[in-house]
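# Structure at a glance
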Amino acid sequence: MADIVDTAVKAGSFSTLVAAVKAAGLVDTLKGTGPFTLFAPNDEAFAKLPKGTVDALLKDIPKLKKILTYHVVSGKVMAADVVKLKSAKTVEGEDVKIDASAGVKVNDATVTTPDVAADNGVIHIIDTVLMPA
């Protein structure tokens with residue numbers, strides 16, 4: 001098996017996320033021992049952002065880091081556990097809201113594919129980029 005970063009690279013639908021993680025200098029962190037839970041926006045999620053947003057973020061590393069770490073929760077939180085939660089504290093420091101009443105939503109994002117296993121945690125694929133307050 002591979003770590004969270006390699007798993008995302010192999011999946012092929014996270015090129016924007018992987019580029020952002022590299023730009024923000026978070027590769028070593030997400031290749032660390034963890035475990036981590038990553039709510040991973042796919043390329044389609046990034047494409048939904050207003051035009052120019054991604055390019056602007058790639059030039060604003062502190063803001064980019066804040067957004068990316070807002071997608072990471074410490075520990076390996078599988079879908080069976082996520083559905084029992086109302087919120088989760090992110091590595092960034094703020095909480096994300098979790099609503100499992102109809103599928104699973106993290107803030108305004110829907111989990112499209114849960115429980116993608118990685119050596120150092122788990123990835124839940126989401127359809128919208130999460131933005132901290």
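Our structure is the block above this text.
Residues numbered from 1 in each chain as written. Predicted model: local features only at pLDDT ≥ 70, side-chain atom pairs only at ≥ 80, totals over all residues. Heavy atoms only, no water.

With that settled, the discussion passes to the overall build of the protein. The helix and strand tally for the protein stands at seven helices and seven strands. Of the regular secondary structure in the protein, the N- to C-terminal order runs α-α-α-β-α-α-α-β-α-β-β-β-β-β. Taking 133 residues into account, the globule formula puts the C-alpha radius of gyration at 14 Å, and the protein, at 13 Å, falls close to it. For the protein, the spread of C-alpha atoms along the principal axes amounts to about 35 × 30 × 25 Å. For the protein, the proportion of its 133 residues judged to be buried stands at 44%. Contacts spanning at least 24 positions in sequence make up 64% of the contacts within the protein whose residues lie at least 6 apart. Element-wise, carbon and sulfur atoms account for 57% of the exposed surface of the protein, whose accessible area totals about 6700 Å². Here the protein contributes 15 positive and 16 negative side-chain charges, whose respective centroids are spaced 2 Å apart. (Helix = DSSP H or I, 4+ residues; strand = E, 2+ residues; numbered from the N terminus. Rg over C-alpha atoms; globule rule 2.2 N^0.38 Å. Buried < 20%, exposed > 50% of the residue type's maximum accessible area, 1.4 Å probe, protein only. Contact = heavy atoms within 4.5 Å. Areas by Shrake-Rupley, 256 points an atom, 1.4 Å probe, with all protein chains shown as cover. Lys, Arg positive; Asp, Glu negative; His and termini not counted. Charge placed at Lys NZ, Arg CZ, Asp CG, Glu CD.)

Turning our attention to the pattern of salt bridges. Applying the stated rule across the entire model yields six salt bridges. Of the charged contacts in the structure, one is a salt bridge between Asp-81 and Lys-84, with a shortest N-O distance of 4.0 Å. For Asp-81, a relative accessible area of 36% translates into the label partly exposed. Residue class for Lys-84 comes out exposed when judged on its relative accessible area of 65%. (Salt bridge = Lys/Arg side-chain N within 4 Å of Asp/Glu carboxyl O.)

The sheet built from seven strands is open, its strands ordered β2-β1-β7-β6-β5-β4-β3 with mixed pairing. Two strands close off the open sheet at either side, each with one partner strand: β2 (72–74) and β3 (87–89). (Pairing = 2+ DSSP bridges.)

Only one face of strand β4 (residues 95–99) is buried, namely the one carrying Val-96 and Ile-98, since none of Asp-95, Lys-97 and Asp-99 on the opposite face is buried. Looking at chain direction, β3 and β4 are connected through three bridges and run antiparallel. Its bridge partner lying in β4, Lys-89 is registered against Asp-95. In sequence, β3 turns back onto β4 through a hairpin of five residues, with Gly-93 there showing a positive phi of about 120°.

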